[in-house]
Amino acid sequence: MRPLKALINQTALRYNLATVKQLAPKSKIMAVVKANGYGHGLINVAHGLSESDGFAVLSLNEAIDLREHGFEQDLLLLEGAFEAYEASIAAKMHFNLVVHSLYQLQIIEKLKLDHPIDIHFKINTGMNRLGFNPIEAKEILKTLQSKSYIKSITLMTHFATADEAKGIDWQFNTFNDVAKHFNFSRSVANSASIINYKSTHLDWVRPGIMLYGASPIEGQASGLFNLKPAMQLKSKIIAIQNISKEDSVGYGEVFKAKNDMRIAIVACGYADGYPRHAPSGTPVYVEGKKTVTVGRVSMDMLYIDITNIPKAAIASEVELWGEHVLVDEVAEKSGTVGYELLCAISASKRIPIEIVYG
Ligand SMILES: *Cc1c(COP(=O)(O)O)cnc(C)c1O
């Protein structure tokens, strides 16, 4: 069998959840597990994060899957209902629905639900993705307070720059200008905001990336925030080539050896979710040492320099990311973020996942 696999560390997931609890001790935690648990496998991460107060997912099927696996927490559909039948099932199954647009309110109103529904009412405070504009929001909320088909309302918004110098005040002030008129619970903080802004912790926090042990803030390693990588992507060396000075490696001859080199071929490529944009010099870890990729990443394979790692041999294990090489280091080299790389693993549907502890 091809040696590539992703190990999902339940202990690290628990550890990261405990870190969130320490940071936001008074808030309930809505663990964001969309995109198949950021690539780690929805049910795997739900087990690791079973102490959280809720799970946020994208689709109805994911919420049903969690319920069927015995998770009794609040389950939130992050984009709400796309179609009417979803709202009616969500109400029956006691899922919480985001409501971000008028058409979603109209769907709910028309259904004449016999199970009143819990909604997270989303306000667009500047990200301009989902949500009601603040003035409209205030008016609609006044009318919603008395509706019998609504059991509870949580006010919610999402920050665009919690990880950047611009910060959150420009959005948070707008949010508070609406929220102060109501006595609803409130949910605004993503991972970056949980780390950077205590004032945003409120009734709920919504951590995503930090639970998986990757950094929400570019240029700052996850370890600085007391987080441990939950995924180790590893494979093995399947071939070795001894090349001479001036020889090239891989497609396009983009890498040319400056000296004689020992090159290892590793079973992992861009069809698995490893970024094709990773340039020569992207870190990997083999036989207790950090080294680098060389040449262009192929569909199913990539090349690494083992010239100075004599112990490296056929079947040596290679960590592509995990504890020794952070996913964020690979992402930074490749011009993307850890989020994308983690999600790509499960999107590829080629990588067996194993659960580990410790
Ligand atoms: C994905 C998402 C989060 C989590 O964001 P992270 O940056 O991964 O912590 C929180 N809230 C909403 C609405 C999201 O879509």
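Residues numbered from 1 in each chain as written. Predicted model: local features only at pLDDT ≥ 70, side-chain atom pairs only at ≥ 80, totals over all residues. Heavy atoms only, no water.

### Concerning the overall build of the protein chain
For clarity, the cut-off: A helix here means a DSSP run of H or I that spans at least four residues, while a strand means a run of E at least two residues long, and both kinds are numbered starting from the N terminus. Only protein chains enter the accessibility calculation, which uses a 1.4 Å probe; a residue is then buried when its area is under 20% of its type maximum, exposed when over 50%, and partly exposed in between. Residue contacts are counted whenever heavy atoms from the two residues lie within 4.5 Å of one another.
Assigned secondary structure in the protein chain consists of 11 helices and 18 strands. For the protein chain, the spread of C-alpha atoms along the three principal axes comes to 75 × 40 × 35 Å. Split into buried and exposed, the 358 residues of the protein chain put 53% on the buried side. A sequence separation of at least 24 residues applies to 64% of the contacts in the protein chain between residues at least 6 apart.

### Overview of the site of the ligand
Note the cut-off: Consider each residue's heavy atoms; a residue with any of them within 4 Å of a molecule or strand counts as near. Definition of a polar contact: a pair of N or O atoms within 3.5 Å, with one able to donate and the other able to accept a hydrogen when the atoms are protein atoms, and with sequence-neighbouring residues admitted only if both atoms are side-chain atoms. Using the Shrake-Rupley algorithm and a 1.4 Å probe, accessible areas are obtained, with residue cover drawn only from the displayed protein chains. Each residue is assigned to one class: nonpolar for Ala, Val, Leu, Ile, Met, Phe, Trp, Tyr, Cys and Pro, charged for Asp, Glu, Lys and Arg, and polar for all the others, Gly among them.
Taken together, 15 residues surround the ligand, and among them K34, Y38, S191, I209 and Y339 come closest. Within the side chain of K34, an N or O atom sits 2.6 Å from an oxygen atom of the ligand. Alone, the ligand offers 390 Å² of accessible surface; in the complex the protein occludes 92% of this. The class makeup of the residues in the shell around the ligand is 7 nonpolar, 4 polar and 4 charged.

### Brief notes about the pattern of salt bridges
Under the convention used in this document: Salt bridges are defined by distance alone: a side-chain nitrogen of Lys or Arg within 4 Å of a carboxyl oxygen of Asp or Glu.
Using the criterion set out here, one finds 11 salt bridges in the structure. Of the charged contacts in the structure, one is a salt bridge between K5 and E354, with a shortest N-O distance of 3.3 Å. Here K5, found in strand β1 (residues 5-9), pairs with E354, found in strand β18 (residues 353-356); they are 349 residues apart in sequence, far enough to count as distant. For E354, a relative accessible area of 36% puts it in the partly exposed group. The salt bridge involving D300 is made with R350; its shortest N-O contact spans 2.8 Å. Residue D300 is located in the loop between β15 (289-294) and β16 (302-305), and its partner R350 is located in the loop between α11 (338-348) and β18; the two are separated by 50 residues in the primary sequence. Among the ionic contacts, a cluster of salt bridges with common partners joins R2, D272, D300 and R350.

### Concerning the packing of aromatic side chains
Selection criterion: Each Phe, Tyr or Trp ring (for Trp, its six-membered ring) is paired with any other whose centre lies within 6.5 Å, and the angle between the two planes then decides the class: stacked below 30 degrees, edge-to-face above 60, tilted in between. In this scheme, Lys NZ or Arg CZ marks a charge over a ring once it lies within 6 Å of the ring centre and within 35 degrees of the ring normal.
As enumerated under the stated definition, the model contains 8 aromatic pairs in all. Ring geometry for F121 against F132: centres 4.5 Å apart, planes inclined by 5°, an arrangement best described as stacked. With F121 in strand β6 (residues 117-122) and F132 in the loop between β6 and α7 (134-144), this pair connects stretches of sequence that are 11 residues apart. Accessibility expressed as a relative area gives 0% for F121, which makes it buried. Using a relative accessible area of 2% as the deciding quantity, one classes F132 as buried. A connected cluster of aromatic rings, assembled from ring pairs, spans Y38, Y212 and Y339. Above the plane of the ring of W170 lies K166, whose end atom (NZ or CZ) is 3.9 Å from the centre. Cation over ring: K228 sits above Y15, and NZ or CZ is 4.0 Å from the ring centre.

### Quick notes on the environment of E317
Inspection of the secondary structure assignment puts E317 in strand β17 (residues 317-321). For E317, a relative accessible area of 39% gives the class partly exposed. A sequence separation of 118 residues divides E317 from S199, and the C-alpha atoms of the two residues are 45 Å apart. Look past the residues within four positions of E317 in its chain and what remains in contact with it is K234, S235, K236, Y285, V286 and E287. At a separation of 2.9 Å, a polar atom in the side chain of E317 contacts the side chain of K234.

### Points about the pairing of β6
Heads up, the condition is: We treat two strands as partners when DSSP finds at least two bridges between them. Looking down the strands as they point away from you, a crossover is right-handed if its path from the first strand over the helix to the second goes clockwise.
For β6, the buried fraction is high: 6 of the 6 residues fall into the buried class. Burial of the side chains of β6 extends over both faces: I117, I119 and F121 are buried on one face and D118, H120 and K122 on the other. In this structure, β6 lies alongside strand β7 (residues 150-156), joined through 6 bridges in parallel fashion. Within β7, the position partnered with F121 by the bridge is L155. Note on the crossover from β6 through α7 to β7: the handedness is right-handed.

### A few points about the domain arrangement of the protein chain
Applied cut-off: Where each domain starts and ends follows an automatic or database-derived domain assignment. What counts as buried area is the accessible surface, traced by a 1.4 Å probe, that two parts surrender upon association, with contributions from both included.
In terms of domain boundaries, the protein chain breaks down into domain 1 (10-214) and domain 2 (231-356). For domain 1 and domain 2, the distance between their C-alpha centroids amounts to 37 Å. Summed over both sides, the interface between domain 1 and domain 2 buries roughly 940 Å², with carbon and sulfur atoms accounting for 66% of that surface. Taken as a group, G39, H40 and I209 account for 40% of the area that domain 1 buries against domain 2, more than any other trio of residues on that side. For the pair domain 1 and domain 2, the interface holds 0 salt bridges. At the junction of domain 1 with domain 2, the criterion picks out 1 residue pair in polar contact (both at pLDDT 80 or more). Looking at the side of domain 1 that touches domain 2 element by element, the count peaks at 3 residues for helix α2 (residues 34-38). Considering only residue class, the side of domain 1 that touches domain 2 consists of 5 nonpolar, 7 polar and no charged.

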